[in-house]
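Here's the letter readout for the chains.
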2 protein chains.
Amino acid sequence: MVQKMDSIVLANRPLGDAELGNFRLETAELPQPGPNEFLARTIWLSLDPYMRGRMNDTKSYSPPVGIDETMEGGCVAEVMESNNPDYSVGDIILDRLGWTSHGISKGIGVRKIDPIIAPISSNLGVLGMPGLTAWVGLNDILEAQPGETIVISAATGAVGSLAGQLAKLKGMRVIGIAGGYDKTQYAINELGYDVCIDHKSASLHELRKQISVAAPNGVDCYFENVGGKTLEAILPLLNTFARIALCGMIAWYSPEATKTAGPIPTVWGAILRQRLRVRGFIIFDHYDRLDAFLEEVAPMVSNGTIKYKETISLGLSSAPQSFLDLLEGKNFGKQLVRVGNDPK
Amino acid sequence: MVQKMDSIVLANRPLGDAELGNFRLETAELPQPGPNEFLARTIWLSLDPYMRGRMNDTKSYSPPVGIDETMEGGCVAEVMESNNPDYSVGDIILDRLGWTSHGISKGIGVRKIDPIIAPISSNLGVLGMPGLTAWVGLNDILEAQPGETIVISAATGAVGSLAGQLAKLKGMRVIGIAGGYDKTQYAINELGYDVCIDHKSASLHELRKQISVAAPNGVDCYFENVGGKTLEAILPLLNTFARIALCGMIAWYSPEATKTAGPIPTVWGAILRQRLRVRGFIIFDHYDRLDAFLEEVAPMVSNGTIKYKETISLGLSSAPQSFLDLLEGKNFGKQLVRVGNDPK
């Protein structure tokens, strides 16, 4: 049997909300590695909100995915054939092959994974890019301190769930915001949040009231993943000199949703009056912190101190729908696609 | 002749734009200083944009002025009678008597002025709160560096005109934004701006284009005094890791004006994508920097290295109209009211 390669490409750009018709599955001959290259097969594909931005043809921190190009994304993969002396058949690696069953790589930016430390999929979540985002956001961007009150939006997401647990270990009062009863209960009972509030069942006004009750001393740090109603609710509750780490705004990734957004002076006035520090960050700028992050967090994942949850969809062809579900918050924890079997 | 005291009080709160009817002139007997107090007469009253915020009954960094209370404000005044051993008749002081011809003070927060260093009015402008705002904003908040490009809004205002001159002395490329031909020419020819752009004669799109031409290497620092069209124009031009010092948003002090403001995601998206650092600051938090500021800047004002301009209106009763003019940008440089004569 001749083996084929499946890939999901960007068929066209979304006009409003992203939809299934924006993607197309393509099948091709399995490619052969050239000099110094290796061929790898994807085992796990990571789905992340930032990918929505790559579907637009607008200036961002990375160029957009081109039409008919494979959607980009991080993967855990196994080396199948290698002409590169640094990589051997059977190596398990973290690579950016994209939404594809197989890929060719020169090994640049690739990291080998030790499958002994933790399940290999965790390198896309709690020990991967989202985990590093949580750790850098909390320590380097917010400079969060024991005794302070922090609010974390998308509290049970891949970033938020680790940020919340690390904040609790640091001795902070930790308030989560999540969508739906199950997520809020998980945040409190499993992740150790002091309070977790359901934004779906509350108006902006009610959400603000619930946060203010949960934060009797006001809010010192806001880990911002969502924008939208949650941001607008929290602004007046931020203490003087409070800090905001802005690493995502999923509520506003759809052009449609921005039509209901409040006006700039709402947020600009809060920054001025409350003397806030707001800092945007993208984890690609902070990979120099990876070793320090893994040194601290990997042992806690291994010994079960840190918990994490994954939503797994099966087969590469399930990626588009799973991605749309992720944008609507239907996932619970890190969203993964199982593209291939675990190594034997 | 019995001497009277004139004061301008807040008669009622503005519903939209501030107007003359929000103020009322009141006359009373001249008060007598009690134990440890002194009586002072106002020579110069400072008018500043932040006062607009004090007219609203909303939470801010300071409580609002009460209805029928004297409008607050900084003054240069002369001590007339004193029961306080630290202050003698004839002392020239910087105080916060408000919009009034006379006031009683215990001397708390008062600073004596040496009339030899510079004209006493300069202690309300280039050597006062606006000057300190410019210096702290540039050095402590923006951490501006030689070789960088800075944009300064309200470029010929009391804050902007010093910020621009200090930035130029630091070796930066300095781009001003001001309202009208006369101000832009003054900024370039007298203050030494590399470029100054007239926001009044340009649409948002044209303003953006002019700034982008003036900043071929992008913008590293934005000294934000205005909000509105200028902010929206500059957002896409800010470099990765650029900084914004937010110390005013005069374009949005009127509730009416906020109706034409853009949506929050515009600014939130720029902060995220361009990894900006935005910091709001209020000069009252930074008075510990006053001595360092005066040590550096006062000699440069004395010897003429630093230039400054004042718009002077005559008589306390002119204060309300002059304040409304200030909010519309009709002043040129620091807006003062001459309330009393210079000391003999």
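All figures in this text were calculated on a predicted structure; none of them were measured in a lab.

Once that is clear, we can look at the state of the cysteines. Simply put, disulfide is the name for a covalent bond between the sulfur atoms of two cysteines. Enumeration according to the criterion identifies zero disulfides over all chains in this entry. A:Cys247 supplies the cysteine sulfur nearest to A:Cys196, a cysteine that is in no disulfide, at a spacing of 17 Å. Exposure remark for A:Cys196: the relative accessible area of 9% places this residue in the buried category. For B:Cys221, which is in no disulfide, the shortest distance to another cysteine sulfur is to B:Cys247 and amounts to 14 Å. By relative accessible area, which is 0% here, B:Cys221 ends up buried.

A separate point is the packing of helix α3 (residues 158–169) of chain B against helix α8 (residues 290–302) of chain B. All names here are of chain B. At a closest axis distance of 13 Å, the pairing of α3 and α8 adopts a crossing angle of 90°. Of the possible angle classes, the one that applies to α3 and α8 is roughly perpendicular. Within the contact between the two elements, α3 uses Leu-162, Leu-166 and Leu-169 and α8 uses Phe-293, Glu-296, Val-297 and Met-300. Of the residues belonging to the contact of α3 with α8, the class tally is six nonpolar, no polar and one charged.

Time to look at the domain arrangement of chain A. Residues and elements named next belong to chain A. Domains assigned within chain A are domain 1 (4–124 + 309–338) and domain 2 (129–284). Taking the mean C-alpha position of each, domain 1 and domain 2 sit 28 Å from one another. Listed per partner, the contact involves 21 residues of domain 1 and 16 residues of domain 2. Summing the contributions of domain 1 and of domain 2, the shared interface buries around 1,400 Å²; its carbon and sulfur component is 65%. Broken down by element, the side of domain 1 that touches domain 2 gets its largest block of residues, three residues, from helix α1 (residues 50–54). Looking at the side of domain 1 that touches domain 2, its residues break down into eight nonpolar, six polar and seven charged.

On to the relation of the copies chain A and chain B, then. Screw-axis analysis of chain A against chain B gives a translation of 0.0 Å along the axis, an RMSD of 0.0 Å, and a rotation angle of 180°. When the rotation and shift are considered jointly, the pair of chain copies conforms to a two-fold rotation axis. A share of 100% of the interface residues of chain A reappears at the interface of chain B, consistent with the copies meeting face to face through the same patch.

Attention now moves to the side chain of B:Ser161. Residues and elements named next belong to chain B. For Ser-161, the location among the structural elements is in helix α3. Ser-161 gets classed as buried once you look at its relative accessible area, which sits at 9%. Ignoring any residue separated from it by four or fewer positions in sequence, one finds Ser-161 in contact with Ala-155, Thr-156, Leu-191 and Tyr-193.

Cut-offs and rules
Residues numbered from 1 in each chain as written. Chains lettered and ligands numbered in written order. Predicted model: local features only at pLDDT ≥ 70, side-chain atom pairs only at ≥ 80, totals over all residues. Heavy atoms only, no water. Disulfide = S-S within 2.5 Å. Buried < 20%, exposed > 50% of the residue type's maximum accessible area, 1.4 Å probe, protein only. Axes fitted to C-alpha atoms, helices over the stretch in contact; angles between N-to-C directions. Helix = DSSP H or I, 4+ residues; strand = E, 2+ residues; numbered from the N terminus. Parallel < 35°, antiparallel > 145°, perpendicular 65-115°, else oblique. Contact = heavy atoms within 4.5 Å. Nonpolar A, V, L, I, M, F, W, Y, C, P; charged D, E, K, R; others polar. Domains from an automatic or database assignment. Buried area = accessible area lost by both parts, 1.4 Å probe. Least-squares fit on C-alpha atoms with pLDDT ≥ 70 in both.

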